[in-house]
Amino acid sequence: MAMKQFKAESKRLLDLMINSIYTHKEIFMRELISNASDAIDKMYYRSLQENDTGLSRDDFKIHIALDKPGRKIIIEDNGCGMTKDDMEKDLGTIAKSGSLAFKQENKDKKNDNNIDIIGQFGVGFYAAFMVAKQVTVESKAYGSDEAWCWQSSGAEGYTVDPCEKAERGTKITLDLKDNTDDDNYDTYLDQYTIKNLIKKYSDYIRYPIRMDMQKSRQKPKPENAPKDYKPEYEDYTEVETLNSMVPLWRKNKNEIKPEEYNSFYKNKFGDYEDPLKVIHSYNEGVATYTALLFIPARASYDYYTRDYEKGLQLYSNGVLIMDKCSDLLPDCFSFVRGLVDSQDLSLNISRETLQHDHQLHIIEGRLEKKIKSELLNMLKNDREKYEQFYKAFGLQLKYGVYSDFGQHKELLQDLLLFYSSSEKKLVTLQEYVDRMKPDQKNIYYACGETTAKVDMLPQTEAVKDKGYEILYLTSPVDEFALRALMKYDDKEFKSVSDDDLDLQTEEEKAAAKKKVEENKDMLNFMKDALNGEVKEVILSTKLKSHPVCLSTNGALSMGMEKVLNQMPNNGGEKVKAQRVLEINANHPVFQKLTALYKLDQNTLKKYTKLLYTQALLIEGVQIEDPVSFSNDICDLMVKA
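Fair warning: this is a prediction, and the values are worked out from it, not measured in the lab.

Strands sit in the order E9-E10-E13-E11-E12 across an open sheet of 5 strands; the sheet is mixed. Of all strands in the sheet, those with a lone pairing partner are strand E9 (277-283) and strand E12 (319-325), marking the two edges. Direction aside, the axes of adjacent strands within the sheet are offset by 15° on average. As defined by bridge partners, E9 adjoins strand E10 (residues 289-295) across 7 bridges and the pair is classed as antiparallel. Note that in E10 the partner of Tyr282 across the bridge is Thr290. In the packing of helix H7 (residues 358-381) onto the sheet, the strands contacted are E9, E10, strand E11 (312-316), E12 and strand E13 (337-342), and the crossing angle to E9 comes to about 140°.

Taken in spatial order, the 6 strands make up an open sheet running E15-E14-E17-E16-E19-E18, and their pairing is mixed. Both edges of this open sheet fall to strand E15 (426-427) and strand E18 (487-488), since each of them pairs with a single strand only. Pairing of strand E14 (residues 418-420) with strand E17 (residues 470-473) involves 2 bridges; the strand directions are antiparallel. Across the sheet, the residue bridging to Ser420 is Leu471, located in E17. The strands touched by helix H13 (residues 478-485) within the sheet are E14, strand E16 (442-447), E17, E18 and strand E19 (491-495), with E16 carrying the most contacts at an inclination of about 160°.

Here the focus is the confidence of the model for the protein chain. Averaged over the protein chain, the pLDDT score is 87; the fraction of residues at 70 or greater is 89%. Of the regions scoring below 50 in pLDDT, residues 95-100 engages in 19 contacts with residues more than four places distant in sequence or in other chains. Counted against residues more than four places away or in other chains, residues 110-122, with its pLDDT under 50, gives 53 contacts.

Now for unusual backbone geometry. The phi torsion at Lys424 lies on the positive side, around 55°, for a residue other than glycine. For Lys424, the position within the fold is in the loop between E14 and E15. Positive phi values are uncommon outside glycine, yet Asn531 reaches one of about 50°. Looking at the element boundaries, Asn531 is found in the loop between helix H15 (520-529) and strand E20 (536-539).

Membership of the largest hydrophobic core comes to 68 residues, with the highest contact counts inside it found for Phe333, Phe335, Leu375, Tyr386, Phe389 and Leu397. With 8 residues, H7 is the single largest residue contributor to this core. With sequence-adjacent residues up to four places away left out, Leu375 is seen in contact with Ile295, Phe333, Phe335, Tyr386, Phe389 and Leu415. Among the nonpolar cores identified, the runner-up in size contains 65 residues, and Cys80, Val137, Ile209 and Tyr315 belong to it.

Where burial is concerned, most of H13 is hidden: 7 out of the 8 residues are buried. In the stretch just after H13, Met486 is the one whose phi turns positive, near 70°.

The subject of this paragraph is the packing of aromatic side chains. For the coordinates displayed, the defined rule picks out 29 aromatic pairs. Ring geometry for Tyr44 against Phe60: centres 6.3 Å apart, planes inclined by 85°, an arrangement best described as edge-to-face. Of the two residues, Tyr44 sits in helix H2 (residues 27-49) while Phe60 sits in the loop between H2 and strand E1 (62-67), which places them 16 residues apart along the sequence. Judged by its relative accessible area of 1%, Phe60 falls in the buried class. Pairwise contacts between aromatic rings join Tyr303, Tyr304, Tyr308, Phe333, Phe335, Tyr386, Phe389, Tyr390 and Phe393 into one cluster. The positively charged end of Lys324 is found above the aromatic ring belonging to Tyr308, 6.0 Å away from the centroid.

Moving on, we get to helix H18 (residues 601-619). Since the α-helix packs 3.6 residues into each turn, any two residues three or four apart lie on the same face. The end-to-end C-alpha distance of H18, which contains 19 residues, comes to 27 Å, matching closely the 27 Å that a straight helix rising 1.5 Å per residue would cover. Three or more residues of H18 are buried, namely Thr603, Leu604, Thr608, Leu610, Leu611, Tyr612, Thr613, Ala615, Leu616 and Glu619. On its buried face, H18 is in contact with H15, strand E21 (548-553), helix H16 (558-566), strand E22 (578-583), helix H17 (588-599) and helix H19 (626-639). Just downstream of H18, Gly620 is the residue with a positive phi angle, here 80°.

Reading guide: rules and limits
Residues numbered from 1 in each chain as written. Predicted model: local features only at pLDDT ≥ 70, side-chain atom pairs only at ≥ 80, totals over all residues. Heavy atoms only, no water. Pairing = 2+ DSSP bridges. Helix = DSSP H or I, 4+ residues; strand = E, 2+ residues; numbered from the N terminus. Axes fitted to C-alpha atoms, helices over the stretch in contact; angles between N-to-C directions. Contact = heavy atoms within 4.5 Å. pLDDT = per-residue confidence, 0-100. Core = buried A, V, L, I, M, F, W, Y, C linked by side-chain atoms within 4.5 Å. Buried < 20%, exposed > 50% of the residue type's maximum accessible area, 1.4 Å probe, protein only. Phe/Tyr/Trp six-rings, centres within 6.5 Å; stacked < 30°, edge-to-face > 60°. Lys NZ or Arg CZ within 6 Å of the ring centre and 35° of its normal. Expected span 1.5 Å × (residues − 1).

Structure below.
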């Protein structure tokens, strides 16, 4: 038969289909397998409609054959097949989908739940031309005595001729393109490459995908074999089913054993440990989907690096669309692994991305709530397991509180844990609030490298003396997270290093004010002696046994200053908190200071610098001139 031109607008459209729509050439296998599955779905549906009891779902299959010498790939199904008119309409017109038309024609009929049509754009078939220089389609339609052969080498057009085919169904033969410097098409003739592509994209097609696999086995040892007999091997061919067919997530949860979930997780996501938590849910409504999520037992080696890529696998009717769909998870829950399978996604023409993200936002919102709910349930009912989770991923939750301008702080605040000064263990913010004293106004916290070092901070004395609990923050991100929260249960967070903790009675405040007035000149002298290092020198209201400490005035604390200055920056300039040097007026050192102010102000300057340096060391801040500090101590030792 003479060559016919495609009915699409131009050759350029086919060129676009072949070269531009799909990101990876290997997608051709997913598209052709999906088409074969659709053909079988149509056949099965028609058998139900026509009450053809001679057919059952078990009778259907898809077969792949590799012809290495001829450089051909053959994909054959026993689905509904195509008539000559079908070939003209569906293969001769680019972007004309017989599958979509079939689904629309039958959407109001009974048994429509059995229609699981995958290809609805009419372009997937042409993905074959990404790897093939010629495509041959031989097909015999259900109920027809005729078979037809459609053949094309691409944009030049196609032919349709009669052919011989004994059984119903479709056989597609791809004559692979010649290899180039950039593309080795022979790789698609390797049986393990094809097997891996099926496992990757089409593992959950509901019909068996079979292929003749070349294997090797040891021959039986002869009875009279000599002592130096060496085992002999022989090659043989075995038909192997390449796909799993029924996805684990589509099974009833009550029928799945924990070992099955664990095995699936480890095989699918390459972990060597069982997951800490499995979340298996099915949702109907605006967005209908099944989610199978896993919370790992520990963070992967690259989790807290820039190389880590978050995201869930995204399936449409069991066919893999995206390996890591980042839009399904907020960053704060990026540790979650798993998949989402939905038939309602508005996929783009290549099915590799989505046309718009409205449905994804709906699914993400529901997954977000589900993950939080499951974590809270773990926190409530299995504290030990939750603390194991928190050890691995608590840092990510705290990052999530202050990132994105605090967008997720309400989502995460009940999941946070901090070490408690009174309980000597990790506690939630709610547990802290539930234990607050009747007269307590704030939630107090202190920062340091370790809980032991925080416990020794002079600034904690007055808070502890009041019987108030303190949260010990030992991670660089902790204080940023609490500052982002601002409040919890209408209680403000207050650092013990703030210059005003407001812990005194009115009488104590009056007495302190009087003492400040009496020593105002000396405190100003000490401030000037530090040459702008501190905003002011004050008499402390929080020190009990210690002579000195540092506090800050303003939004930037000493802890935040240290964290920010450890980060790389463009200008190399350091940020600096508004430091306040606090002196304990009830300590013997203060009596010495007042005496020196009257008798020896030069020595008072040295004392002031020593006290400031001492306060810096207590805070864990590296001093700029340790030699000068050492010399000042030696001078004072000589004078003593």
